[in-house]
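Letter by letter, the chains look like this.
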Amino acid sequence: MDKRKGIIVSRQIMDSQKLHPEATGELTGLLNELIVAGKIISAEVNMAGLADILGQSGKTNIQGEEVQKLDEFANQTIKRRMEQCGYICAMGSEEDDGVIPVLDGYEGKYTVAFDPLDGSSNIDVNVSIGTIFSVHRRKSRGKHGKMSDLLQKGRDQVGAGYIIYGSSTMLVYTTGDGVYGFTLDPSVGEFFLSHPDIKIPERSKYYSVNEAYTKYWYDNTRAYIEHLKDLDYRGERSYSLRYIGSLVSDFHRNLITGGVFVYARDKKSTDKPEGKLRLLYEAAPLAMVVEQAGGRAITDDGRNILDIEPTDLHQRVPLIIGSKEEVDLAEKYFTGPV
Ligand code: AHM
Ligand code: MG
């Protein structure tokens, strides 16, 4: 057994910090604050059915989608934790329109963008959901953080990861020195290292896509998925479809077992020409995780997700993410003639 297995998450984060002699401990502090928020949300998610707080709150968020109570709870929990932690100067959340400020006098040198509860349409049906986060160093000077501090490339993230609330609660994160997975022991409220140095299998047998949208796909998406479904591909096996409809869950499964997740542009909704998923707090953090684990993340025109210069906090981006071989193959379909 790996000797590090079982160590607590704060030990791992401090050990990573030692690899950077210039580090001041603020990123460590920030990650620890996010972890506390994750524990609080996890407890609430586990109690959701019992506490009878399921169901929709009747409000809509700035994306025009229904906000459910647990989304609000998760959003509030992270914001409250972050606004007074002293490590960040600004936040961006899927649930809020613009820059979220921190409390006066608590400005720090990082920014955090997050999807407080990804996959929230699955809350009512006990399907895994999760919190995705992305951390950047601030660029601007002055007291308050600005939108430009949030609109940074994924390549410049100093940390990224997610907390998945599933059959167990897991934290998966990277600070650029590999990917580590921790499992929450709810009896003591501590995350223990369960998946040291995660590597995504280079080739896989699974693809994840909303196949009901086939009729709306562009030709290259259709051709790529048909290729994966071809029984004779590589002459040895065919692919299986696994689609939960909760990005963090689909991604996590593919990270552990190997697989490719596809949400390309389609002709389904004219208001979402770039697909559905968001760059800053969905695609970019997961792209950093997958690259650190040996996989890849690209758009449906072959751009590396981590190299995209954001122009809008809530901008959407086509996403193909997962095992290297399957994303390499996708790149051929998405950049060459079909
Ligand atoms: P959300 O952030 O409102 O939960 O929406 C994003 C979710 C992702 O988790 C998931 O991958 C996707 O929507 C599923 O979309 P679709 O139902 O179109 O397949
Ligand atoms: Mg989401």
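### Quick notes on helix H8 (residues 324–335)
Move 1: In this model, H8 (12 residues) spans 16 Å end to end at C-alpha, consistent with the 16 Å of a helix rising 1.5 Å per residue.
Move 2: For H8, the secondary structure elements touched by its buried residues are helix H5 (219–229), strand S13 (260–263), strand S14 (296–298) and strand S15 (319–322).

### A few points about the pattern of salt bridges
Move 1: Throughout the structure, instances matching the rule amount to 23 salt bridges.
Move 2: Of the charged contacts, one joins glutamate 33 and arginine 81 as a salt bridge, the two residues approaching to 2.8 Å between their closest N and O atoms. Of the two residues, glutamate 33 sits in helix H2 (residues 26–51) while arginine 81 sits in helix H3 (residues 69–83), which places them 48 residues apart along the sequence.
Move 3: Between glutamate 226 and lysine 229 there is a salt bridge, and its shortest N-O distance comes to 3.6 Å. Here glutamate 226 and its partner lysine 229 are both found in helix H5, three residues apart, which amounts to about one turn of the helix.

### So, the sheet that holds strand S12 (residues 240–241)
Move 1: Strand order in the open sheet formed by five strands is S12-S11-S13-S15-S14, and the pairing between neighbours is mixed. Here the strands that pair on one side only, and so sit at the sheet edges, are S12 and S14.
Move 2: Bridging between strand S11 (residues 206–208) and S13 involves two bridges; their strand directions are parallel. Across the sheet, residue tyrosine 207 finds its bridge partner in S13, namely valine 260.

### A look at the side chain of histidine 136
Move 1: Looking at the element boundaries, histidine 136 is found in strand S6 (residues 129–137).
Move 2: Among the polar contacts made by the side chain of histidine 136, one reaches the main-chain carbonyl oxygen of lysine 153 at a distance of 2.7 Å.
Move 3: What histidine 136 contacts, discounting residues up to four positions off in sequence, is Lys109, Tyr110, Thr111, Asp149, Gln152, Lys153, Gly154, Asp156, Gln157 and Val158.

### Topic: the sheet that holds S6
Move 1: Ordered in space as S4-S3-S5-S6-S7-S8-S9-S10, the eight strands form an open sheet in which the pairing is mixed. Looking at the sheet topology across the chains shown, the edges are occupied by strand S4 (100–101) and strand S10 (190–195).
Move 2: Across eight bridges, S6 lies against strand S7 (residues 157–165) in antiparallel orientation. Paired with isoleucine 129 across the strands is tyrosine 165, a residue of S7.

### With respect to the environment of arginine 222
Move 1: Looking at the secondary structure, you find arginine 222 in helix H5.
Move 2: Accessibility expressed as a relative area gives 30% for arginine 222, which makes it partly exposed.
Move 3: In this structure the C-alpha to C-alpha distance between arginine 222 and isoleucine 308, which are 86 residues apart in sequence, comes to 25 Å.
Move 4: Apart from residues lying up to four places away in sequence, arginine 222 is in contact with Thr214, Lys215 and Trp217.

### Points about the pairing of S6
Move 1: With eight of nine residues buried, S6 lies mostly within the body of the structure.
Move 2: Sheet topology note: the strand S5 (residues 110–118)/S6 ladder contains seven bridges and is antiparallel. Residue aspartate 118 lies in a different strand from S6, and its bridge partner there is glycine 130.

### Quick look at the packing of aromatic side chains
Move 1: Scanning the model with the defined rule gives eight aromatic pairs in all.
Move 2: Residues tyrosine 213 and tyrosine 263 carry aromatic rings whose centres are separated by 6.3 Å and whose planes lie at 65 degrees to one another, so their mutual orientation is edge-to-face. In this pair, tyrosine 213 sits in the loop between S11 and H5 while tyrosine 263 sits in strand S13, placing the two residues 50 residues apart along the sequence. Per residue, the accessibility class of tyrosine 213 equals that of tyrosine 263, and both read buried.
Move 3: Among the aromatic residues, ring-to-ring pairing joins Tyr173, Tyr180 and Phe182 into one connected group.

What counts and what doesn't
- Residues numbered from 1 in each chain as written.
- Chains lettered and ligands numbered in written order.
- Predicted model: local features only at pLDDT ≥ 70, side-chain atom pairs only at ≥ 80, totals over all residues.
- Heavy atoms only, no water.
- Helix = DSSP H or I, 4+ residues; strand = E, 2+ residues; numbered from the N terminus.
- Expected span 1.5 Å × (residues − 1).
- Contact = heavy atoms within 4.5 Å.
- Salt bridge = Lys/Arg side-chain N within 4 Å of Asp/Glu carboxyl O.
- Pairing = 2+ DSSP bridges.
- Polar contact = N/O pair within 3.5 Å; in protein donor to acceptor, adjacent residues only side chain to side chain.
- Buried < 20%, exposed > 50% of the residue type's maximum accessible area, 1.4 Å probe, protein only.
- Phe/Tyr/Trp six-rings, centres within 6.5 Å; stacked < 30°, edge-to-face > 60°.

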